[in-house]
Amino acid sequence: MKGFDERYETLKSMCDGALETAVPETEAGRLADAMRYSLLGGGKRLRPVLYLAVLSSYGRTPSDVDMRVAAAIECIHAYSLVHDDLPAMDNDYMRRGKPSTHAAFGEAVALLAGDALLNLAFSLLAGCACEDACYARIMKLVADCAGAEGMIGGQALEFCSDMSSADAELLGKIARLKTGKLMEAAILSGCIAAGREDEYALWLEYADILGRAFQLKDDLLDIGSGERSLAFVLGAGAEAELDGLCRAADEKLAETGGDPRFLRELTEKMLKRTSD
């Protein structure tokens, strides 16, 4: 049996391969270049790996259709980062150790590249849904988790709130939406694709715990910045909160009907990492 690192790299490589073939050629070559730059320029591929890991925990070998679902999930994550970095949003000029998309291609092309990646994601999902009705449910789930009641809603809530006085409840809600919802989409999509909707509620609980814990770990890694975050508000209790979430995630995985070993180790790596 493969060790964790080898298995993770195998799944990540599978995702990278699917992404390489996903971006279409366009008349505006600079747009395609910006899409590839945003999509293929590094990243851990955590969300598509989560999808494939849930699927694999039930002994399901990912099909070509599953790889397109994985690629679609990563396209949504990539588009969100492109838009987050724009001057109108977080105004970040670096991403993954290189210039952000708008710094490299200009704001207009970056905005269009993000839009195109989002549309590409749903083109991929629609193609999957045409082949098997279960992927239509996945497409609806991903749309809901990425939209106004999910990831985008979390971003909007952050921008519309006075973050200088945000309490733990508000910060936790933003984290669940902005960070947790796309992870939820990946995890629950794996459950649906595996034909295990009898365990849907269990995976939903795991996804909620993982999303909250992942963002809290991010906050702890960035605590020195002085930015108001959930870890900042919780203070000395943040580490204990994270430990409790780690235990809760592990307990939920133990309740699944599949083989949770890889997911348990992946969860531990995600929540005990020492860098972003």
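Just so it is clear, the model here is predicted, and its values are computed rather than measured.

Peer 1: Sorry, what's going on with the packing of helix α10 (residues 200–221) against helix α13 (residues 261–271) here?
Peer 2: Each packed pair of helices is defined by two parameters, the angle between the axes and the distance between the axes. It is the contact of α10 with α13, at a shortest axis distance of 9 Å, that shows an interaxial angle of 25 degrees. Compared by their axis directions, α10 and α13 come out roughly parallel. Note on element contacts: α13 touches α10 through L263, T267, M270 and L271, opposite W203, Y206, L210, A213, F214 and K217. Taken together, the residues of the contact of α10 with α13 sort by class into eight nonpolar, one polar and one charged.

Peer 1: Which parts of the structure should I look at to understand the side chain of D85?
Peer 2: Along the chain, D85 falls in helix α4 (residues 64–85). Residue contacts for D85: discarding those within four places in its chain leaves N91, D92, R95, S100 and H102.

Peer 1: I keep staring at the packing of aromatic side chains and nothing clicks. Help me out?
Peer 2: Centre-to-centre distance and the angle between the planes together describe a pair of aromatic rings. Scanning the model with the defined rule gives five aromatic pairs in all. Each ring, one from F4 and one from F262, has its centre 5.0 Å from the other, and the planes form 25 degrees; the classification is stacked. Of this pair, F4 sits in helix α1 (residues 4–20) while F262 sits in helix α13; the two residues are 258 residues apart in sequence, bridging distant segments of the chain. F262 sits in the buried class, given a relative accessible area of 7%. Through pairs of rings, three or more aromatic residues link up here, namely F4, Y8 and F262. Residue placement shows K98 over the ring face of Y37; its charged tip is 3.7 Å from the ring centre.

Peer 1: So what exactly am I meant to see when it comes to the layout of surface pockets here?
Peer 2: The gaps left among the atoms become clear once a water-sized probe is rolled over them. The space that makes up the largest pocket amounts to roughly 1500 Å³. Forming the walls of the largest pocket are 42 residues, and the residues nearest its centre are L81, R95, K178, Q215 and D218. If you tally residues by element for the lining of the largest pocket, the top one is α4, at seven residues. Of the residues contributing to the lining of the largest pocket, the split by class is 15 nonpolar, nine polar and 18 charged. Counted as a void, the second largest pocket has a volume near 200 Å³. Contributing to the lining of the second largest pocket are F4, D5, Y8, E9, K44, L46, F214, L266, K269, M270 and R273. Of all the secondary-structure elements, those providing two or more residues to the lining of the second largest pocket are α1 and α13. Broken down by element, the residue count for the lining of the second largest pocket peaks at four residues, all from α1. Partitioning the lining of the second largest pocket into residue classes produces six nonpolar, no polar and five charged.

What counts and how
- Residues numbered from 1 in each chain as written.
- Predicted model: local features only at pLDDT ≥ 70, side-chain atom pairs only at ≥ 80, totals over all residues.
- Heavy atoms only, no water.
- Axes fitted to C-alpha atoms, helices over the stretch in contact; angles between N-to-C directions.
- Helix = DSSP H or I, 4+ residues; strand = E, 2+ residues; numbered from the N terminus.
- Parallel < 35°, antiparallel > 145°, perpendicular 65-115°, else oblique.
- Contact = heavy atoms within 4.5 Å.
- Nonpolar A, V, L, I, M, F, W, Y, C, P; charged D, E, K, R; others polar.
- Phe/Tyr/Trp six-rings, centres within 6.5 Å; stacked < 30°, edge-to-face > 60°.
- Buried < 20%, exposed > 50% of the residue type's maximum accessible area, 1.4 Å probe, protein only.
- Lys NZ or Arg CZ within 6 Å of the ring centre and 35° of its normal.
- 1 Å grid on protein atoms, 1.4 Å probe; cavity = no way out; pocket = protein on both sides within 12 Å on 5 of 7 lines; lining within 4 Å.
- Points joined across faces, edges and corners; volume = space filled by probe spheres on them.

On their own, these measurements won't tell you what the molecule is for.
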